Amino acid sequence: MDAAVACETARAFLTECPGWDLGTAAAQRVSCLVALTEDMDALEESLIMTLNPSPLTDPLDGDPWVSAGPRTFAASLARFETLAPHTPDETKVLASAQGLRKDSLRYGNDVQRLHSTCADIDELEKAMHAVGAFTAQRYERTVEIRRNTEVELRQRRVRAVVAKEYAVPDAAAAMREDLELARKVASELRCYSAEAAKSADDDIAKWVAKVDAARKPSPR
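K.L.:
Teacher, can you tell me more about the pattern of salt bridges here?
P.N.:
Opposite charge on two side chains allows them to pair when their charged atoms are near. Applying the stated criterion across every chain, the model contains 17 salt bridges. Put simply, arginine 79 and glutamate 8 hold a salt bridge, and the shortest N to O gap is 3.2 Å. Of the two residues, arginine 79 sits in helix H4 (residues 73-81) while glutamate 8 sits in helix H1 (residues 3-16), which places them 71 residues apart along the sequence. Looking at glutamate 8, the relative accessible area reads 34%, which means it is partly exposed. One salt-bridge network, held together by shared partners, links Glu150, Arg154, Lys184 and Glu188.

Given below as structure tokens:
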């Protein structure tokens, strides 16, 4: 029998016929523990594939045996919590599941609250030290993606500037404006990646030298 079905079936027996079999309570605890473990593994597997917050970690309202609905991690956790486990193994699994829920909720809140400024990304990076190893991996991936995205956007802007050529000698004003923009973007890059900022500075310096050389009058 499926562990979740066995868990609920045992609950029904205990509710309707509490004295029917003394082994039913033990069977319920075992089956509910297995169901929670399976659903926790399934949730972690699904969370590895996405960086979006998961509604499956939201705590359930009301009686989990009545209003939980289809089988989910949240339902299995809520049901197991009502059994007040006492054995070391049960306590360990429950603590792990509660930690996953707490960390996942924090991750979802942090990702929705913070955006992609350098300060926001730094805050996300700091936050991953306050959660378990599994959720810390999700923070790390999110930080990496957001940082790389911001770096790439600024690198494109710098490349667009340094690709420009000026056909007329009196384009000094346009060049100064472009140079100011490129240096501003390169300065922003330093917060996200010192290596990318240095590369941008080098490209800008080469571009300035190239433009200056092109603007010099040809020797007669």
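K.L.:
Just to check I follow, could you spell out the nonpolar core for this structure?
P.N.:
Proteins that are soluble and globular tend to have nonpolar side chains buried together. Core analysis: the largest hydrophobic core is formed by 32 residues, its most contacted members being Tyr139, Tyr166, Met175, Leu189, Ile204, Trp207 and Val208. For this core, the elements supplying multiple residues, two or more each, are helix H5 (88-113), helix H6 (118-127), helix H7 (133-162), helix H8 (172-192) and helix H9 (194-215). Core analysis: the second largest hydrophobic core is formed by 17 residues, Cys7, Leu36, Val93 and Leu100 among them.

K.L.:
Where do I start with the state of the cysteines in this structure?
P.N.:
By definition, a disulfide links the sulfur atoms of two cysteine residues through a covalent bond. For the structure on display, the rule yields 2 disulfides. Residue pairing for cysteine 7: its cysteine sulfur links by disulfide to cysteine 32, the two sulfurs lying 1.9 Å apart. Measuring handedness by torsion sign, the sulfur bridge of cysteine 7 and cysteine 32 sits at about 85° and is right-handed. Of the two residues, cysteine 7 is situated in helix H1 and cysteine 32 in helix H2 (residues 23-48); the sequence distance between them amounts to 25 residues. Since its relative accessible area comes to 5%, cysteine 7 is described here as buried. By relative accessible area, cysteine 32 is classed as buried at 2%. Paired by a disulfide, cysteine 118 and cysteine 191 hold their sulfur atoms 1.6 Å apart. Note on the cysteine 118 and cysteine 191 pair: the S-S dihedral is about -95°, so by sign convention the disulfide is left-handed. Taken together, the residues cysteine 118 in helix H6 and cysteine 191 in helix H8 connect sequence positions 73 residues apart.

K.L.:
Could you clarify how one ought to interpret H1 in this entry?
P.N.:
Two residues of an α-helix separated by three or four positions point the same way, owing to the 3.6 residues in each turn. The terminal C-alpha atoms of H1 lie 20 Å apart, and with 14 residues this matches the ideal 20 Å at 1.5 Å per residue to within 8%. Listed in full, the buried residues belonging to H1 are Ala3, Ala4, Ala6, Cys7 and Ala10. The arc enclosing the buried residues of H1, seen along the axis, measures out at 165°, which places them on a common side. Along H1, exposed side chains directed more than 90 degrees from the buried face belong to Thr15 and Glu16. Two or three places before alanine 4, at the start of H1, stands the capping residue aspartate 2, its side-chain oxygen 2.9 Å from that residue's backbone nitrogen.

K.L.:
What should I look at first to understand the packing of aromatic side chains in this one?
P.N.:
Applying the stated criterion to the full structure yields 2 aromatic pairs. A ring pair is formed by tyrosine 107 and tyrosine 139, whose centres lie 5.2 Å apart and whose planes are at 85°; its orientation type is edge-to-face. In this pair, tyrosine 107 is assigned in helix H5 and tyrosine 139 in helix H7, connecting sequence segments 32 residues apart. You can call tyrosine 107 buried: its relative accessible area is 1%. The buried category is assigned to tyrosine 139, whose relative accessible area is 1%. A ring pair is formed by tyrosine 166 and tryptophan 207, whose centres lie 6.2 Å apart and whose planes are at 50°; its orientation type is tilted.

The rules we used
- Residues numbered from 1 in each chain as written.
- Predicted model: local features only at pLDDT ≥ 70, side-chain atom pairs only at ≥ 80, totals over all residues.
- Heavy atoms only, no water.
- Salt bridge = Lys/Arg side-chain N within 4 Å of Asp/Glu carboxyl O.
- Helix = DSSP H or I, 4+ residues; strand = E, 2+ residues; numbered from the N terminus.
- Buried < 20%, exposed > 50% of the residue type's maximum accessible area, 1.4 Å probe, protein only.
- Core = buried A, V, L, I, M, F, W, Y, C linked by side-chain atoms within 4.5 Å.
- Disulfide = S-S within 2.5 Å.
- Expected span 1.5 Å × (residues − 1).
- Arc of directions from axis to C-beta.
- Polar contact = N/O pair within 3.5 Å; in protein donor to acceptor, adjacent residues only side chain to side chain.
- Phe/Tyr/Trp six-rings, centres within 6.5 Å; stacked < 30°, edge-to-face > 60°.

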